[in-house]
Structures are given as C-alpha cells and as structure tokens.
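Architecture at a glance
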Amino acid sequence: YFNKWAYIYVGLYGYGYVDAGKRVIGLFKTRGWQTIIADNLVNRLLGIMSLTIGLLTGVCTLFAAFLVEEVESKQGWMSVGFGVGFFVGLILSGMFMGLLSGAVDAIIVCYAEAPKELEDSHPTIAQEMSQTWAEAWGDLSGPVIVALSSGLGVV
C-alpha cells in the first residue's frame, strides 16, 4: 500500500496514508486498471526528458568553459563544467518534470474515481480520453467487478 497513488488520495480526500493506499489500490483493482498503473509510460518519458535536458545543459556549460578557459588549461575545467551543468540541468528539470508527473497521476486517479463527472463537465476531453485509452488498453467503460463481503458483484 506504499505507493505514489496513495499520496494523491491523501491530497484529494484527506485519508491517512495507509488507508489511502488501500483505497486507491482497491479502486484500480475494481476498475480493472492494474495494467494502466503498471504501464504508466508518462513517468518514463518525463525521466528521459530530464536526462536529455541535463545532457544539453552539460553540453552548453562545456561550450562555455571552452570559450572562457585558456587554451593550455582547458582539459581539467571542461569536464568540471560539463558535470556541473549536467547535474544542475538534471536536478532543475527533474523538479519540473516531477510536478508534471504528479499532475498526470492525479488526473488518472480522478478519472478512475469519477469518469462520469469529467464527462458531464468536459465532454470533448472525456470522449477523447476514453477513445485514446480504449485504443491503448481496451474498453474501460465495461462492467466493473466489485469485491463484496458475500463474493463478487458486477456494477
């Protein structure tokens, strides 16, 4: 029950962390969305973007170190310039990409919790989201299997 999805549930509903973890995992199991949360490619893409930004920042600082340093002493400081630029770019872009990742995760949880409300308030976005997700993972609007105390039920 210790996962990033629990943080979203804590923020949305104010549950305790462990209770939120149980509820959000139960929500995804009820919806049959284990594949969606396991195959969250957005976080991987944002990680690759952070790495790319770090590398580009490192190359820019390498170029700046090349221009600033004298010809004789370039070898030592150029690699330091690249390293500093790389880590600064990686850290700053990582913070920004973390915000985007949290927003995407919150959208997934909110959509899993109340897809009808999204459809009522933003019908075109809901339709586009449903179509895109159905193409990737199959029909998400089908029956939902709910664990009841007396067995399983279909909603």
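Residues numbered from 1 in each chain as written. Predicted model: local features only at pLDDT ≥ 70, side-chain atom pairs only at ≥ 80, totals over all residues. Heavy atoms only, no water.

Considerations on the overall build of the chain
When helices and strands are counted, the chain shows seven helices and two strands. In the chain, the succession of helices and strands from N to C terminus is α-α-α-α-α-α-α-β-β. Expressed as a percentage of the 155 residues in the chain, the buried residues total 26%. Here the chain displays about 10100 Å² of accessible surface, and carbon together with sulfur accounts for 68% of that area. (Helix = DSSP H or I, 4+ residues; strand = E, 2+ residues; numbered from the N terminus. Buried < 20%, exposed > 50% of the residue type's maximum accessible area, 1.4 Å probe, protein only. Areas by Shrake-Rupley, 256 points an atom, 1.4 Å probe, with all protein chains shown as cover.)

Considering helix α1 (residues 4-13)
Those residues of α1 lying buried are W5, A6, I8 and Y9. For α1, the buried positions fall inside an angular range of 155° around the axis, keeping them on one side. In α1, those exposed residues whose orientation departs by more than 90 degrees from the buried face are Y7 and G11. One side-chain oxygen at the N-terminal end of α1 lies 3.0 Å from the backbone nitrogen of W5; it belongs to N3. Looking one or two residues beyond α1, the residue adopting positive phi is G14, at roughly 80°. (Arc of directions from axis to C-beta. Polar contact = N/O pair within 3.5 Å; in protein donor to acceptor, adjacent residues only side chain to side chain.)

A few points about the side chain of D105
Relative to the assigned elements, D105 resides in helix α5 (residues 74-113). If near-sequence neighbours (up to four positions away) are discounted, D105 is found in contact with K4, W5, I8, N40 and N43. (Contact = heavy atoms within 4.5 Å.)

Considerations on the nonpolar core
Soluble globular proteins: nonpolar side chains tend toward being buried together. Of all hydrophobic cores here, the largest spans 18 residues; its most connected members are W5, V24, F28, W33, V109 and W133. At the level of elements, α1, α2 (17-31), α3 (34-38), α5 and α7 (123-137) are the ones that each hand at least two residues to this core. The element best represented in this core is α2, accounting for five residues. Those residues within four positions of V24 in sequence are excluded, and the remaining contacts are N3, W5, A6, Y9 and V109. (Core = buried A, V, L, I, M, F, W, Y, C linked by side-chain atoms within 4.5 Å.)

Comments concerning the packing of aromatic side chains
For the structure on display, the rule yields seven aromatic pairs. Each ring, one from W5 and one from F28, has its centre 5.2 Å from the other, and the planes form 80°; the classification is edge-to-face. Residue W5 is located in helix α1, and its partner F28 is located in helix α2; the two are separated by 23 residues in the primary sequence. A single burial state applies to W5 and to F28, both of which are buried. Aromatic pair Y7 and Y17: ring centres 5.0 Å apart, planes at 50°, arrangement tilted. Highlighted residues: Y7 in helix α1 and Y17 in helix α2, separated in sequence by 10 residues. A relative accessible area of 58% places Y7 in the exposed class. Clustering of aromatic rings is evident, with ring pairs tying together Y9, Y13 and Y15. The ring centre of Y15 lies 4.1 Å from the NZ or CZ of R23, which sits over that ring. (Phe/Tyr/Trp six-rings, centres within 6.5 Å; stacked < 30°, edge-to-face > 60°. Lys NZ or Arg CZ within 6 Å of the ring centre and 35° of its normal.)

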